Each structure stands twice: as C-alpha cells, then as structure tokens.
Amino acid sequence: MLREKAKTVREVTPNILKLLDNMADTMYAAKGVGLAAPQIGVSKRVIVVDVGEGLVELINPEIIEAFGKAVDTEGCLSVPGMAGEVTRAEKVVIKGLNRKGEEVSYRVCGYMARAFQHEIDHLEGVVFVDKAENLRKLEQ
Ligand code: CO
C-alpha cells in the first residue's frame, strides 16, 4: 500500500470524513506532524498535517507552485526509528479540497511546506527514505 499511487477522491462522503477523523487521531496519538491515508492502509489521496499551527486536512492535495530549496531532517511514522536529510522546496503553494468539498489553497514555507511535501509524496508511493541522505537509525 505504501508503494502504490493513491486514488483520487471523487466525492467527499461521510466515509471520507470518518477517514479524516481517524487520520488526525492516529497522527496525534503517534505524536506525528502529518499523515497520509496510505499509511493507515487506505489508498486515497487524503492527508492531514499539524506542525503546531493547527490541523490542516486536505483531499486530493496538489503542489501548484514550488520555490527555493531547503535541507532538513525528516522521519516517518511508517519507518520508525529512522531519520535522514531530505532536500525539498522551501516554499510551496498547495491546493486541494477541505472537508466541505470546497477548494482551498495554502501558501506555506519552512517546516509546514516540508510536511506537506512529505505527505503528498506518500500519495505517489514515495517514502522519505527514497530521497534521504545520511539515512540513519536513531537510538531507541
Ligand atoms: Co511519512
């Protein structure tokens, strides 16, 4: 599942809302900053992100603009105990649907931009270890 391209959501149904709730619960319980649906076994283009600035839920997220480059350390709830440095865009503009099915966009930078890019990668079957340098095991 983690290696598959996730499917586009055609309609924001009650099941999608339930999925969003479940994903936020899972992310917070694991003290993560983001989660993509394939990480809990659902092949749908749905992500949640909270880097400490509030919960963002996005359905069918897309990066529509990207600027600059930044390198920082990442980990992933699906690859526990591993970390590495990943080069990503420094700023991105992202669009998608919110839980009401309305189109929304976010212009974000820094860690939030990183979190969005990491989660959107999951929807393409890409895991951070594919892109990381200096990949290493963390002391448990
Ligand atoms: Co991840």
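This report concerns the structure included in the present document. (Residues numbered from 1 in each chain as written. Predicted model: local features only at pLDDT ≥ 70, side-chain atom pairs only at ≥ 80, totals over all residues. Heavy atoms only, no water.)

## Considering the environment of glutamine 117
With respect to the helices, strands and loops of the structure, glutamine 117 is situated in helix α2 (residues 110-123). Glutamine 117 sits in the buried class, given a relative accessible area of 8%. Separated by 58 residues in the primary sequence, glutamine 117 and isoleucine 59 place their C-alpha atoms 14 Å from one another. A polar contact of 3.0 Å, which involves the side chain of glutamine 117, links it to the backbone oxygen of alanine 113. (Helix = DSSP H or I, 4+ residues; strand = E, 2+ residues; numbered from the N terminus. Buried < 20%, exposed > 50% of the residue type's maximum accessible area, 1.4 Å probe, protein only. Polar contact = N/O pair within 3.5 Å; in protein donor to acceptor, adjacent residues only side chain to side chain.)

## Comments concerning the nonpolar core
Formed by 16 residues in total, the largest nonpolar core has its most connected members in Ile47, Leu58, Val92, Ile94, Val108 and Phe116. Elements with a minimum of two residues in this core: β2 (46-49), β3 (56-67), β6 (91-97) and α2. In contact with isoleucine 47, other than residues within four places in its own chain, are Leu20, Met23, Leu35, Ala36, Val56, Glu57, Leu58, Pro61, Phe116, Glu119, Ile120 and Leu123. Counting 11 residues, the second largest nonpolar core, distinct from the first, contains Leu19, Ala37, Val48 and Ile59. (Core = buried A, V, L, I, M, F, W, Y, C linked by side-chain atoms within 4.5 Å. Contact = heavy atoms within 4.5 Å.)

## Here's the deal with the coordination of the cobalt ion
Six octahedrally arranged donors around a metal ideally form angles of 90 or 180 degrees; four tetrahedrally arranged donors ideally form angles of 109.5 degrees. Within the protein, the atoms that donate to the cobalt ion are Cys76 (SG), His118 (NE2) and His122 (NE2), at distances of 2.1 to 2.2 Å. Each donor residue of the cobalt ion lies on the same chain, and together they follow the pattern C-x41-H-x3-H. Of this pair, histidine 118 and histidine 122 both sit in helix α2, separated by 4 residues, roughly a single helical turn. Residue class for histidine 118 comes out buried when judged on its relative accessible area of 7%. Residue classification places histidine 122 among the buried positions, given a relative accessible area of 0%. (Donors = N, O, S within 2.8 Å, 3.2 Å for Na, K, Ca; no water.)

## Things to note about the environment of valine 9
Within the secondary structure layout, valine 9 lies in the segment before α1 (14-29). Along the chain, valine 9 and serine 43 lie 34 residues apart, while their C-alpha atoms are 9.7 Å from each other. Non-local contacts of valine 9, meaning those with residues more than four positions away in its chain, are made with Ile16, Lys44, Arg45, Val46, Ile59 and Asn60.

## Some points on the sheet that holds strand β5 (residues 82-88)
Backbone hydrogen bonds hold the strands of a sheet together, and the pairing may be parallel or antiparallel. Reading across from one edge, β4-β5-β8 is the order of the 3 strands in this open sheet, with antiparallel pairing throughout. Across the chains shown, the open sheet's two edge strands, defined by having one partner strand only, are β4 (70-74) and β8 (133-137). Here the average twist between neighbouring strands, direction ignored, is 20 degrees. Sheet topology places β5 next to β8; 3 bridges connect them, and they run antiparallel. Paired with glutamate 85 across the bridge in β8 is glutamate 133. (Pairing = 2+ DSSP bridges. Axes fitted to C-alpha atoms, helices over the stretch in contact; angles between N-to-C directions.)

## Considerations on the sheet that holds β6
Spatially, the 5 strands line up as an open sheet ordered β1-β2-β3-β6-β7, and their pairing is antiparallel. Each of the sheet's edge strands pairs with one partner strand only, and the pair in question is β1 (34-36) and β7 (103-109). Across the sheet, the mean angle from the axis of one strand to that of its neighbour is 35 degrees, orientation sign disregarded. With 6 bridges joining them, β3 and β6 adopt antiparallel strand pairing. Looking at β6, one finds that isoleucine 59 is bridged to leucine 97. Against the sheet, α1 contacts β1, β2 and β3, and its axis sits at roughly 40 degrees relative to β2. In the packing of α2 onto the sheet, the strands contacted are β1, β2, β3, β6 and β7, and the crossing angle to β2 comes to about 155 degrees.

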